Amino acid sequence: SSAGLRDNTKMQEAENRGRRDANWIGYATAAAAALGCTLAGLAMQARFDIVNIAMVYLLAVVGVALYASRGAAVFSAALSVITFDIVFVPPAGMLTVDDLQYLLTFAIMLVVALAISSLRLRARDEEARRITMAVEADRERTRSTLLASISHDLRTPLAVMAGASSSLAQNG
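Now for a description of the structure that goes with this document. Since the structure is predicted, the reported quantities are computational estimates derived from the model, not experimental observations.

Quick notes on the rules
Residues numbered from 1 in each chain as written. Predicted model: local features only at pLDDT ≥ 70, side-chain atom pairs only at ≥ 80, totals over all residues. Heavy atoms only, no water. Helix = DSSP H or I, 4+ residues; strand = E, 2+ residues; numbered from the N terminus. Buried < 20%, exposed > 50% of the residue type's maximum accessible area, 1.4 Å probe, protein only. Contact = heavy atoms within 4.5 Å. Areas by Shrake-Rupley, 256 points an atom, 1.4 Å probe, with all protein chains shown as cover. Salt bridge = Lys/Arg side-chain N within 4 Å of Asp/Glu carboxyl O. Expected span 1.5 Å × (residues − 1). 1 Å grid on protein atoms, 1.4 Å probe; cavity = no way out; pocket = protein on both sides within 12 Å on 5 of 7 lines; lining within 4 Å. Points joined across faces, edges and corners; volume = space filled by probe spheres on them. Nonpolar A, V, L, I, M, F, W, Y, C, P; charged D, E, K, R; others polar. Patch = residues over 30% accessible without salt bridge, like charges linked within 9 Å, V, L, I, M, F, W, Y side chains within 5 Å. Core = buried A, V, L, I, M, F, W, Y, C linked by side-chain atoms within 4.5 Å. Axes fitted to C-alpha atoms, helices over the stretch in contact; angles between N-to-C directions. Parallel < 35°, antiparallel > 145°, perpendicular 65-115°, else oblique. Left-handed = near helix turned anticlockwise from the far one by under 90°.

Structural notes on the overall build of the chain
Along its length, the chain carries four helices and zero strands. Counting from the amino terminus, the chain carries its helices and strands in the arrangement α-α-α-α. The proportion of buried residues among the 172 residues of the chain is 22%. The contacts in the chain between residues at least 6 apart in sequence include a share of 68% that link residues at least 24 apart. Element-wise, carbon and sulfur atoms account for 66% of the exposed surface of the chain, whose accessible area totals about 12,000 Å².

Shown next, in the form of structure tokens:
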């Protein structure tokens, strides 16, 4: 009993460690995505409007929201807006929020990150529920097959015993 408890505790610790590693990777991915978008934006700056560069950051937020945790998605949205503001919004090199349209940009990126993150979590939960139901159905099928087999195996000897006992009762 205590060995089972220790094994269960070790499994929970391993799961928590795996989640922490996945969270760390999600945040690192968000930072790398913001850096990649900044480099792409700098390359695009001469030919494209600033709005198009903002869309590149939105694409990164969507990617992080699809594959990382909700926290990493929110971090990606915040980091993308801050980086976009510092690098591309005049005056460059400063974090200013003089124009309310950039607050709207942040709000939209945040809503997109949260919406996609929620959809991904819902799909993952639905998949887990589907797997659980399939396992339960398989378990019930196995149980029914086993009971039918045992019932058949017991029916034959019981019929022989019933026949022998009625024969003994008649010969009595």
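Considering the pattern of salt bridges
Within the structure shown, the criterion is met by five salt bridges. Where Glu136 meets Arg139, a salt bridge forms, and the shortest distance between an N and an O atom there is 2.6 Å. Here Glu136 and its partner Arg139 are both found in helix α4 (residues 100–171), three residues apart, which amounts to about one turn of the helix. The exposure class assigned to Glu136 is partly exposed, which follows from its relative accessible area of 41%.

Notes on helix α3 (residues 70–88)
Count 3.6 residues to each turn of an α-helix, and residues three or four apart come out pointing the same way. If you check α3, its first and last C-alpha atoms are 26 Å apart, about what 19 residues at 1.5 Å a residue would give, namely 27 Å. Every buried residue of α3 is listed here: Ala72, Ala73, Ser76, Ala77, Ser80, Val81, Thr83, Phe84, Asp85 and Phe88.

As for the layout of surface pockets
Looking at the largest pocket, its volume works out to about 230 Å³. Along the walls of the largest pocket sit Ile50, Val51, Ala54, Met55, Leu58, Phe84, Gln101, Tyr102, Leu104, Thr105, Ile108 and Met109, which together make up its complete lining. Contributing elements (two or more residues each) for the lining of the largest pocket: α2 (50–67) and α4. A per-element tally of the lining of the largest pocket places α4 first, with six residues. Looking at the lining of the largest pocket residue by residue, the classes come out as ten nonpolar, two polar and no charged.

Focus on the side chain of Ser117
On the secondary structure map, Ser117 appears in helix α4. When its relative accessible area of 0% is taken as the criterion, Ser117 is described as buried. Discounting residues that sit within four places of it in the chain, Ser117 has contacts with Ala65, Ser69, Arg70 and Ala73.

A short note on a nonpolar patch on the surface
A cluster of nonpolar side chains, Leu146, Ile150, Leu154, Leu158 and Met161, forms an exposed patch at the surface whose accessible area comes to about 500 Å². For Leu154, the position within the fold is in helix α4. By relative accessible area, which is 49% here, Leu154 ends up partly exposed.

A closer look at the nonpolar core
The biggest cluster of nonpolar side chains holds 20 residues, and the ones touching the most others in it are Ile53, Tyr57, Phe84 and Met109. Of all the secondary structure elements, the ones that give two or more residues to this core are α1 (2–44), α2, α3 and α4. Sorting elements by how many residues they give to this core places α2 first, with eight residues. Look past the residues within four positions of Met109 in its chain and what remains in contact with it is Ala54, Tyr57, Leu58, Val61, Ala77, Ser80 and Val81.

Thoughts on α4
Between the first and last C-alpha of α4 there are 105 Å, a value that for 72 residues agrees with the 106 Å anticipated at 1.5 Å per step. Of the positions making up α4, those classed as buried are Tyr102, Thr105, Met109, Ala113, Ile116, Ser117 and Arg120. On its buried face, α4 is in contact with α2 and α3.

Quick word on the packing of α3 against α4
At a minimum axis separation of 9 Å, α3 and α4 run at an interaxial angle of 160°. When the axes of α3 and α4 are compared, the pair comes out roughly antiparallel. Considering the relative orientation of α3 and α4, their crossing is right-handed. Between α3 and α4, the contacting residues are Arg70, Ala73, Val74, Ala77, Ala78, Ser80, Val81, Phe84 and Asp85 on the first element and Tyr102, Thr105, Phe106, Met109, Leu110, Ala113, Leu114, Ser117, Ser118, Arg120 and Leu121 on the second. Its residues placed into classes, the contact of α3 with α4 shows 13 nonpolar, four polar and three charged.

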